[in-house]
Each structure stands twice: as C-alpha cells, then as structure tokens.
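Below are the chains, spelled out letter by letter.
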Number of protein chains: 2
Amino acid sequence: MNTSTSLAECVDGQRFWYDMLEQATIGALTPRGLRRLALDENDNRARCWLVDQGRTLGCEAFYDAMGNVFLRREGLDPSLPPLLIGSHLDSQPSAGSYDGTLGVLAGLAVLRALQASDLPHQRPVEVVSWTNEEGARFAPGASGSSWFAGQREAASILDTVDDDGVRFADALTTCLAQLDAHEVSYRPDPFIPYAFLELHIEQGPVLESLGVPACAVKGIQGVNWYSIAVNGQANHAGTTPEHARRDAFTGAHQLITAFREAVAEHGESVRFTIGKFALEPNATNTIPQQATFSIDLRHPSAAVLTSLDNAFQRLAAETWSGCNVELTVSSRVPPVEFDEQLVETLDASVKKYAPDAPQLVSGAFHDAIHLAHQCPTAMLFMPCRSGISHHPDEHIEREDAEVAVSAMADAVGTLLVR
Amino acid sequence: MNTSTSLAECVDGQRFWYDMLEQATIGALTPRGLRRLALDENDNRARCWLVDQGRTLGCEAFYDAMGNVFLRREGLDPSLPPLLIGSHLDSQPSAGSYDGTLGVLAGLAVLRALQASDLPHQRPVEVVSWTNEEGARFAPGASGSSWFAGQREAASILDTVDDDGVRFADALTTCLAQLDAHEVSYRPDPFIPYAFLELHIEQGPVLESLGVPACAVKGIQGVNWYSIAVNGQANHAGTTPEHARRDAFTGAHQLITAFREAVAEHGESVRFTIGKFALEPNATNTIPQQATFSIDLRHPSAAVLTSLDNAFQRLAAETWSGCNVELTVSSRVPPVEFDEQLVETLDASVKKYAPDAPQLVSGAFHDAIHLAHQCPTAMLFMPCRSGISHHPDEHIEREDAEVAVSAMADAVGTLLVR
C-alpha cells in the first residue's frame, strides 16, 4: 500500500470514536461536559493515557520542558524532521470534550492508520498535545506551542499564577514528575518540524450551515481591540434643548454609524463587534457626560486591518455631537496566513469527501497560530452544533468527525510520499 | 397709587436680595451651597423665618395638614379667593440657594411692595411655600402642592419613608409641632385660589443664551419614559460571520437610528434622551445577547407625544438585526398648558423690561404642574448660569432677579385691579 487514498481507507472510524469517548471520561462533569484545566490532575492523567495509546502502536513517547507530550512513529530516515499533528488536551472549566482533544486524537487515528496500512515513510510522524492552550487556569493560553515556536520566553510562562496562587512552574514540576514516573522520555528542547497539521472544531456556524463535514483553514484572522471614550456634558434631559446639548450617547451613536460605514467598504469578511458599552452617569433623565465602548475588529488581511485602523483613528479625531473622542488600541494581533501549498494539500484531501467544502479563515486562535512561525502549518475545521464551544453543550456528529479524520489521513499520506 | 406699574416700582430690589442671602444661611454648606431637605431641621427653621418676615408686614401666617405655609395679606373683600404666589423652600442634598426659594421670596417681595405702595385690592394675596417639592428625602416630590391640588392622596404621601427609615408622617408631626409652637394658625384644608403664580430659575440654558432676564412660561412638557430590551444571541466575536449574527448591540443601534428619524419629523422641540444603556454579557469578544436602554421623551404637545409613542411601539414590533424588542412604558406624564390669559398677563409684564423675551415651555416639573389642575396657573422663568441647578454652582445674577421680581409685581398689580 502506498497511495494516500489507501491511508485514509485504513482509518478505523469506530476506534477513533471509542478513543474520543474514553478520553472524555478523564475529568468528566455530571451530567455532561468536561473540566480538565491545564496541568491539573485530570490533564496529567490524560497525558499518560495518550502515552499509553501510543505505546500500543510501538511509538516512543517524549515530553519537553513545557510538558508538551509527543508520540513518535519512526520514519525510515530518523534524521528527517517529523511531520507533526496535534492540538491540546486541556479544557475550559465547564467545557465539551471536542475542543482540542479532537486534534490530538485525529493524530492518534493517523498513527493507527499508518500502523494498519504499513505504508513505508521516510520521515517520522509525531502526534503532539500542547500544554495549556486554553489559558483558563494560567492566562494567557497557548503556553506550550508559543514557547515551542519561539514566540514566548519560558520565564514569563513559568511565573504565571492561577487563582489559588499556584505557580505554573510548580504545577509543571508535578506534571513532569508524573511523566517521569510513567517512564516517558525527556526531550527538553523544541525542534523544527517538517510541517504542522491541526484539526479543530470550527467554533462557529459556517460549516454547519453549509452542511459540509470538514474544510481546510487558510489562516487565522488578525484582531485589533479598541477602547473608546466619548466625552460630552451631563445636563437635564428636560430643560436642555437639542442645540445646547453635548450628548455623549448621541456622539457615540453617530461615531459608531461612521465606523460601521467604514467597515462596510470592506465587505462581509470584516468582523466588527461592540461587546461592551457603558454610560456615565447612567440616569434616565440625565444627558450622558461620557460613553465608553469596546470594538473587536477582525480580518484575515493585515492591509484591511491597517486601513480600518487608519479610518477609525481619523474618525475619532473628529467631534461628534460636540463631544471629543479618545480612542485607545488595547491589543493588536496580526493575522496569520497558513502555508499555501499545505492548505491546498488539505483542501484537495477534504474535497474527495466534500466537493463543496470552502476554505475558511479561523476567527479564533489555535496552537497553529504559533507553529506557523516555526514551520509550514495548516488546519482542518469540522462543524460543531450551533457553533457552540467552551460549554457542555458542545457537540459534533460522528459522521462528520470520521470524514475530517479521513481527510487528515489522506493529506498525511500525500505529504509522506511527496 | 393704583396702577400696575406703580406696584413694580415699589419693589425693593435691595431688600429682596438681602432676603435671598439671609434664607441661604439656613442649611448653608461650606464653602457654598445649601442642604435643606424636606421637613428636616433647616427646612422647618426656614418656615419659621418666612412666617417672621410675613408678620413684620402684618400678614397672618397659616399652615395646612401637609405643612404648606401661607402668608396672607388681607383684601378689602376677605371672602374672595386669594391670589397665590410661591414655590418651595426645601432643596436637594447638595444644592444652590435659588431653586424654589426664589419663587417664595419673589412672593414676599410682592407683599413688601403691596405694603409700600398701599395699593387697595379687593382680593387677598397669599404667599405659599409648598412642602417637599424636591422629593430628595421623600420620593416622589411635590407632596404639598399635589395634595393641595387634589392630585394625590394624603395617605400615600404620609407613608413614604426616607433612607434612615423615618416616615414622612413622623417628620411632618415634628414640623407641625414647631409651627404650633411658633403660634402659626392651623388652616387644615386646601382651597381654590384665584390664580397661582410661580417664579423659578429656568434650569436650562435658553434665557442665558438669549441674554434675556426673564420670560413667561406657557406650560410644562409632557414626558414619557421607556425601558427597551433588544434580545439577540451571544456568540464568539471572532468565529461568527455577519450574516449568522443576532447582535443585540447592532439591533439596538439600528432601532435607535429609526427612533431618531421618527423624532426628527417633529422638529427641534422634541427632547429625546438615552440616559441609560447596558449590554449583556458585556465582554469585548462576545457578541451581546441583550441590550437594554432608557428613553426620556418630552414635548409640550400631547398629540406629538402620542404620535411618537405610536411610532415607537410600531418600530419596536419589528425585528432589528434578527433581534426582537420589548418596549415598556415606565411612566407617562401628560403635558400641562398654563392658563392662556394668565400667561399673556405675565408676558406683557415681562416685555416691559425685556421686549425680546420668548415664551418658554418648562422642561422640568414644578409645583405649578399640580396647581394648574386647581386654578388658573402660570410661571415666570429667569436665567441661571450655564443652566446648572441641583448643585452648589447654581448661580443667578441679581440684576436679572430684580427684573423677574418686578415683572411678577407688575403682573400682580394688573391682576389685582382686573
């Protein structure tokens, strides 16, 4: 057997689903859902469970200085950089059992398929579970992948503290000791993979609405966060005529209308959200003296984000209903475009199962955003019901998952014979 | 002396201003401002001070069952209903010394002018200070005038409780006992006055901006209060495309734009204020599931208010960005139009001093809103600096006040010879 199609045919969908059900018992909530916070007891047990699965396939297991766990299926040429597949096993406090785990167990399913197919491959294949992607216990998240890809210093990660005052470094020591006791090999340093692939639930409604079981992901949107204050003058709502007002709500309303018009020039792909809004003094019969609000602005193109950033700054420099405006950029994360060739490879594999599959841009962050700085990287998405994640109601269809995992295996087959 | 002009000429502006300064010491704040909460020690002292001023003019003092205090200058025919002039002596917690007091002491200045002029008049003239106009200690306000005019039952007023748990009834008992001890006559019941006149600071910016020292007030705006909830669906700001959103902020924004368009059809005289606004869950990267806001809508015409009320209800029945809307009318106070002839009398008197004086509609409530249901009623306004009131910065110009009081005396002269 040496064609990519054959590797996909060797995926054991039933076994994959059984793996999904089994891991979901580690940290299960009653009556449903999952709580497996980074480096807690369940997260560490999940690491050992993953190691055990790899060992039954003859894979060696490794952990690194950040507690990332790797299962290695050796290649005919062990000196070649490995093809890396994975995601994360940690969860939000009250989560479903698919976010992250799906990508790790898709990698495991590929290892099982490689074992079953006996496909000869020069380069090694490794499955990884990255430490603390969620950032729910230790913020910010993506600790393991950002450190691995050289995007963040270890010291800044080790010093973070959870709500109970536990340092990341101390929780990590416990985790590494358990992996030691489980006789997992210590391979402290990062390396440059041949490529990184990650399957994840979409966490949005698009695939479900299209009725498509999977798709290639060509990048991750950039996001700018803004804090805006519109400063007017408080006055009596009954006695102050329109022309004598400096109404901060009216100013904010007009400014937001102008922001929306600027956004509309860039079409449907811009995501513009006002999630926070407050008035001072916030009384029914008092003209507001201040309106404050947030903007979450996302787009896959750095050029579009820059253009809108300029437009927002320009509009904020104007006066609105007699009010001046202070605009602060509280965060700027540039977009990531995944490796074009790798995206095409994934897309071709997906389309064997779903000819109408789109290529999406991820609206949320993933470990892949960091790996993209380290090696050719791309992702697969699969639908989740109503776009819900980070909640016990998170749900995927087994049939969709089997297609997604088969597409992943198909792409791996292609990459291994390239 | 028997012309109206001569009564105005008998106004002693210096004495009036001295009265204003003296009353401002009762409950004075350091470094400036006034705190004279309804039925507190200072409010009761102010009543006795007013009684003392009236007695030096030979007026008999009365109090009624609600603690309203009256100074009566007898007419040649004591059986005629008296002409009533006044306002209130109580204040907000951190107030200036003009709101309310001005209208009582303008009445006192008229009594002094009548005394000085020796003008014969058939009907009695009374000056009144109404109890608890402000509603700052016991809400709602205008207790004395609303009860006097039959707009509100005594029981519902007596049962209100202040923040310290003191009942209005008990505070009133203390007040009435002090008036008794001060040998003020008890005249328990309301009566029908010949007319009621009230001078008040504008509490808005119009007269100051016109440079006009006083004007007649032809009515009090009606006000409708609305509570609006726009119900959408919370979702991830990054992963949810525009067409799949039910963004409660966007829905509220569009609905408010439509409200504003409906308001604009009725011109500049509508006062439309959104003073409260809140989002749920109010997080930067979450599409809001609910937006709630208030509307304070005012207009002098009941027909315009009804028309806008219908428009608002119609718009709220539509769907906005996929969100449904709940609109609740939390309060509806119809406009009051003052007695046309009385307004013209005041206007004619004002124009002797300020030919360019407009006729305004009051944006705020006053005791006169209740008296208007009882007898012909009208008001005079005078400017206050920057429209500020309910604040120690409240300020009026002595020259303006003297014009306003002279205009009041002039109108009283006209009414007494009519």
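Every chain is numbered independently, its residues counted from 1 as its sequence is written. Each chain gets a letter, beginning with A, and each ligand a number, beginning with 1, in the order they are written. The model is predicted, so local features are restricted to residues of pLDDT at least 70 and side-chain atom pairs to those at 80 or more, both for listing and for counting; the totals for chains, interfaces and linings are taken over all residues. Remark: hydrogens and water are excluded; side-chain values derive from all non-hydrogen atoms of the structure.

By the naming in an unreviewed UniProt entry, chain A goes by N-carbamoyl-L-amino-acid hydrolase and is assigned to Vreelandella arcis.

**Some words on the relation of the copies chain A and chain B**
The fit set for superposing copies consists of C-alpha atoms from residues with pLDDT of at least 70 in both; the fit itself is least squares. Between the two copies, chain A and chain B, the superposition gives an RMSD of 0.3 Å; the rotation angle is 179 degrees and the shift along the axis is 0.3 Å. Expressed as an axis order, the relation between the two copies is that of a two-fold axis. Minimal C-alpha distance to the rotation axis in chain A is attained by alanine 278 of chain A, lying at 3.0 Å. Whether two residues are in contact is decided by their heavy atoms: any pair within 4.5 Å suffices. Interface overlap between copies: 100% of the residues of chain A at the interface are likewise at the interface in chain B, consistent with a symmetric, same-surface contact.

**A few points about helix H2 (residues 13-23) of chain A**
Residues and elements named next belong to chain A. Within H2, the full set of buried residues consists of Gly13, Phe16, Trp17, Asp19, Met20 and Gln23. Buried residues of H2 fall within an arc of 155 degrees about the axis and therefore sit on the same side. Numbering goes from the N terminus for both helices and strands, where a helix is a DSSP run of H or I of at least four residues and a strand is a run of E of at least two. Check the buried side of H2 and you find it contacts helix H3 (41-56), helix H4 (101-117) and helix H13 (398-417). Under the rule applied, a polar contact is a pair of N or O atoms within 3.5 Å (in protein, one hydrogen donor and one hydrogen acceptor; residues adjacent in sequence only if both atoms are side-chain atoms). Its side-chain oxygen 3.2 Å from the backbone nitrogen of glutamine 14, aspartate 12 forms the N-cap of H2. With a 1.4 Å probe rolled over the protein chains alone, any residue whose accessible area is under 20% of its type maximum counts as buried; one over 50% counts as exposed, and the rest are partly exposed. Directions from the helix axis toward the C-beta atoms define the arc.

**Considering the UniProt feature "binding site: Zn(2+) 2" (unreviewed entry) in chain A**
Residue and element names in this part refer to chain A. UniProt records the feature "binding site: Zn(2+) 2" (unreviewed entry) at Asp99, Glu134 and His390, using the numbering of this structure. The named residues occupy 292 residues along the chain; their greatest pairwise C-alpha distance, 9.6 Å, places them in one compact cluster. Structurally, the position occupied by aspartate 99 is in the loop between strand S3 (83-88) and H4. Not counting residues up to four positions away in its chain, the partners in contact with aspartate 99 are His88, Asp90, Glu134, His200, Ile201, Gln203, His390 and Glu394. UniProt positions are given in the numbering used here, feature names are shortened, and annotations may be inferred rather than shown by experiment.

**Thoughts on the packing of aromatic side chains**
Stacked, tilted and edge-to-face are the three classes assigned to paired rings of Phe, Tyr and Trp, where Trp is represented by its six-membered ring and a pair needs centres within 6.5 Å; plane angles under 30 degrees give stacked, over 60 edge-to-face, the rest tilted. Summed over all chains, the structure comprises 33 aromatic pairs over all chains. Consider the rings of phenylalanine 70 of chain A and phenylalanine 148 of chain A, whose centres lie 5.9 Å apart with planes at 40 degrees: the pair is tilted. Of this pair, phenylalanine 70 of chain A sits in strand S2 (residues 69-73) while phenylalanine 148 of chain A is found in helix H5 (residues 143-148), placing the two residues 78 residues apart along the sequence. Across the pair, exposure class does not vary: phenylalanine 70 of chain A and phenylalanine 148 of chain A are buried alike. Clustering of aromatic rings is evident, with ring pairs tying together Phe249, Phe277 and Phe293 of chain A together with Phe249, Phe277 and Phe293 of chain B. In this arrangement the basic side chain of arginine 187 of chain A is found over the ring face of phenylalanine 70 of chain A, its NZ or CZ atom lying 4.8 Å from the centre. Geometry around phenylalanine 62 of chain B places arginine 187 of chain B over its ring, the cationic atom sitting 4.2 Å from the centre. The rule is short: NZ of Lys or CZ of Arg within 6 Å of the ring centre and within 35 degrees of the ring normal puts a charge over the ring.

**Some thoughts on empty space enclosed by the protein**
Unoccupied space between atoms shows up once a probe the size of one water molecule is rolled over them. Cavities and pockets are defined on a 1 Å grid built over the protein atoms alone: a cavity is a set of grid points where a 1.4 Å probe fits but cannot escape, while a pocket is an open set with protein on both sides within 12 Å along at least five of seven lines, and lining residues are those with an atom within 4 Å of any such point. Grid points are joined across faces, edges and corners, and a volume is the space filled by probe spheres set on the points. Scanning the entire structure with this criterion turns up two cavities of 30 Å³ or more. Of the voids in this model, the largest cavity is the one considered here, and its volume is about 40 Å³. Looking at the largest cavity, the residues that line it are Phe249, Ala252, His253, Ile256 and Phe277 of chain A together with Phe249, Ala252, His253, Ile256 and Phe277 of chain B. Elements that contribute at least two residues to the lining of the largest cavity include exactly helix H9 (248-264) of chain A together with helix H9 (248-264) of chain B. Across the lining of the largest cavity, the residue classes tally to eight nonpolar, two polar and no charged. There is about 40 Å³ of room inside the second largest cavity. Residues are grouped as follows: nonpolar covers Ala, Val, Leu, Ile, Met, Phe, Trp, Tyr, Cys and Pro; charged covers Asp, Glu, Lys and Arg; every other residue, Gly included, is treated as polar.

**A look at the nonpolar core**
The tendency in soluble globular proteins is for nonpolar side chains to be buried side by side. As used in this record, nonpolar core signifies buried Ala, Val, Leu, Ile, Met, Phe, Trp, Tyr and Cys residues forming a set joined through side-chain atoms within 4.5 Å. Counting residues in each nonpolar core, the largest one holds 98 residues, and the members touching the most others are Phe16, Leu199, Phe338 and Ile396 of chain B. Residues in contact with isoleucine 396 of chain B, not counting those within four places in the same chain, are Trp17, Tyr98, Leu102, Ile201, Met382, Pro383, Cys384 and Ala401 of chain B. If you look at the next biggest cluster of nonpolar residues, it comprises 97 residues, including Cys48, Tyr98, Leu179 and Ala411 of chain A.

**Some words on the environment of histidine 236 of chain B**
Relative to the helices and strands, histidine 236 of chain B resides in strand S9 (residues 235-236). Placed 21 residues apart in sequence, histidine 236 of chain B and cysteine 215 of chain B show a C-alpha to C-alpha distance of 56 Å. Setting aside residues up to four positions removed in sequence, histidine 236 of chain B forms contacts with Gln203, Arg298, Gly363 and Ala364 of chain A together with Asn285 and Ile287 of chain B. Separated by 2.8 Å, the side chain of histidine 236 of chain B and the backbone nitrogen of glycine 238 of chain B make a polar contact.

**Section: helix H10 (residues 302-316) of chain B**
Residues and elements named next belong to chain B. For a helix, the expected span equals 1.5 Å multiplied by the number of residues minus one. In this model, H10 (15 residues) spans 21 Å end to end at C-alpha, consistent with the 21 Å of a helix rising 1.5 Å per residue. Turning to H10, its buried residues are Val304, Leu305, Leu308, Asp309, Ala311, Phe312, Leu315 and Ala316. Axial view of H10: buried residues confined to an arc of 165 degrees, hence all on one face. Exposed side of H10, more than 90 degrees from the buried face: Ala303 and Arg314 are the residues found there. Turning to H10, the residues buried within the fold contact strand S8 (222-231), H9, strand S10 (271-273), strand S13 (290-299) and strand S14 (324-333). Between a side-chain oxygen at the N-terminus of H10 and the backbone nitrogen of alanine 303 the separation is 3.1 Å; the capping residue is serine 301.

**A short note on the interface of chain A and chain B**
Each partner contributes to the interface: chain A provides 45 residues, whereas chain B provides 45 residues. We define buried area as the total accessible area lost by two parts upon association, computed with a 1.4 Å probe and summed across both. A buried area of about 4000 Å², summed over both sides, lies between chain A and chain B, and 54% of it is on carbon and sulfur atoms. Contact with chain B buries surface across chain A, with Thr239, His253 and Thr284 of chain A losing the most and accounting together for 15% of the total. For this document, the term salt bridge refers to a Lys or Arg side-chain nitrogen within 4 Å of an Asp or Glu carboxyl oxygen. Across the contact surface, chain A and chain B share zero salt bridges. Linking chain A with chain B are 19 residue pairs in polar contact (both at pLDDT 80 or more), by the criterion used here.

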